[in-house]
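# Coordinate analysis (summary)
Listed below are the residues making up each chain.
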Amino acid sequence: MVRVGLQISATLENVDKLETCHPDYSFFLKLKCSNCGEQSEKWHDITESERVQQDSRNAAGFNFFMKCKMCSRENSIDIVDRSNAPYTADDSGGFKTIVVFECRGAEPVEFSPRVGWRVSSAENGQQFEEVDLSEDDWVEYDQKNNNSVGIYEFASKFIKLKK
Ligand code: ZN
């Protein structure tokens, strides 16, 4: 078992806080099997509020479960409880861990931000829901503060964490 942190980086303009609408946000990930090295081109979605593979042996189930197509090993991933963290104005321009995955047999190698982000403007401005970061850039107009707000140069990476 290994813990992997998802780190994001972005340049924030008049934005106080960028966060996922967890626990209902779906993290779209490309995964690699740690046993045989198989890396599928398919995007998998992992959502903290959803559980699969619940049975008598494992009543809680997992946030994600997959049998590797190549080596048939059963791999699972859970989102670590309370590991979600917002990306704030103070973090702007640098990388910060926003969620931690507990990985058993499969590890994330690529992240697609897509839709489901919440953006809070600076100076108690407007809050935007269901923000779409598919284009890696996002611009809106804050009508409360009469200025533009934006997220630019979105980037992400994974880091392995020590237990
Ligand atoms: Zn495999």
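What you see is a predicted model, and the numbers here were worked out from it, not measured in a lab. (Residues numbered from 1 in each chain as written. Predicted model: local features only at pLDDT ≥ 70, side-chain atom pairs only at ≥ 80, totals over all residues. Heavy atoms only, no water.)

## Considerations on the packing of aromatic side chains
- All chains considered together, the criterion is met by eight aromatic pairs.
- With a centroid separation of 5.2 Å and an interplanar angle of 65 degrees, the aromatic rings of Tyr-25 and Trp-117 are classed as edge-to-face. With Tyr-25 in the loop between β2 (15-20) and β3 (26-33) and Trp-117 in strand β10 (residues 115-121), this residue pair connects regions lying 92 residues apart in the sequence.
- Residue Trp-117 is classed as buried on the basis of its relative accessible area, which comes to 0%.
- A ring pair is formed by Phe-27 and Phe-101, whose centres lie 5.5 Å apart and whose planes are at 90 degrees; its orientation type is edge-to-face. Here Phe-27, found in strand β3, pairs with Phe-101, found in strand β8 (residues 96-104); they are 74 residues apart in sequence, far enough to count as distant. (Phe/Tyr/Trp six-rings, centres within 6.5 Å; stacked < 30°, edge-to-face > 60°. Helix = DSSP H or I, 4+ residues; strand = E, 2+ residues; numbered from the N terminus. Buried < 20%, exposed > 50% of the residue type's maximum accessible area, 1.4 Å probe, protein only.)

## Brief notes about the nonpolar core
- Grouped together as the largest cluster of nonpolar side chains are 32 residues, with contacts concentrated most on Phe-27, Phe-101, Phe-111 and Trp-117.
- With five residues, strand β1 (residues 2-13) is the largest single contributor of residues to this core.
- When residues no more than four places from it in sequence are discounted, the contact partners of Phe-111 are Leu-6, Ile-8, Tyr-25, Phe-27, Phe-28, Leu-29, Trp-43, Trp-117, Phe-154, Ser-156 and Phe-158. (Core = buried A, V, L, I, M, F, W, Y, C linked by side-chain atoms within 4.5 Å. Contact = heavy atoms within 4.5 Å.)

## What to know about the coordination of the zinc ion
- For the zinc ion, every protein donor is listed as Cys-33 (SG), Cys-36 (SG), Cys-68 (SG) and Cys-71 (SG), and the spread of their distances is 2.3 to 2.4 Å.
- Considering all four donor atoms around the zinc ion, the spread of angles at the metal, 106 to 114 degrees, places the coordination shape in the tetrahedral class.
- Within one chain, the residues serving as donors to the zinc ion are arranged as C-x2-C-x31-C-x2-C. Taken together, the residues span a long stretch of sequence, with Cys-33 in strand β3 and Cys-68 in the loop between β5 (64-67) and β6 (74-79) at a distance of 35 residues. Accessibility classification places Cys-33 together with Cys-68 in one group, the buried group. (Donors = N, O, S within 2.8 Å, 3.2 Å for Na, K, Ca; no water. Tetrahedral: all angles 85-135°; square planar, octahedral: opposite > 155°, others 65-115°.)

## Notes on the pairing of β5
- Burial of β5 is one-sided: the residues Phe-64 and Met-66 facing one way are buried, the residues Phe-65 and Lys-67 facing the other way are not.
- Both β5 and β6 contribute to a ladder of four bridges, which runs antiparallel. Looking across to β6, one finds that Phe-64 is bridged to Ile-77.
- If you look at the hairpin formed by β5 and β6, you'll find six residues sitting between the two strands, and Ser-72 has a positive phi there, around 65 degrees. (Pairing = 2+ DSSP bridges.)

## Some details on the sheet that holds strand β12 (residues 138-142)
- Pairing is antiparallel in the open sheet, where six strands are placed in the order β5-β6-β8-β1-β13-β12. Two strands close off the open sheet at either side, each with one partner strand: β5 and β12. For this sheet, the mean inter-axis angle between neighbouring strands, taken without regard to orientation, is 25 degrees.
- With four bridges joining them, β6 and β8 adopt antiparallel strand pairing. When the bridges of β8 are listed, Ile-77 appears paired with Cys-103. (Axes fitted to C-alpha atoms, helices over the stretch in contact; angles between N-to-C directions.)

## Points about the pattern of salt bridges
- Applying the stated criterion to the full structure yields eleven salt bridges.
- Among the ionic pairs, Glu-19 bridges to Lys-17, the shortest N-O distance being 3.9 Å.
- Here Arg-104 ties to Glu-102 by a salt bridge, and the two come within 2.9 Å at their closest N and O atoms.
- By relative accessible area, which is 14% here, Glu-102 ends up buried.
- Among the charged side chains, a network of salt bridges with common partners joins Arg-3, Arg-51, Asp-78, Glu-102 and Arg-104. (Salt bridge = Lys/Arg side-chain N within 4 Å of Asp/Glu carboxyl O.)

By themselves these figures say nothing about function.
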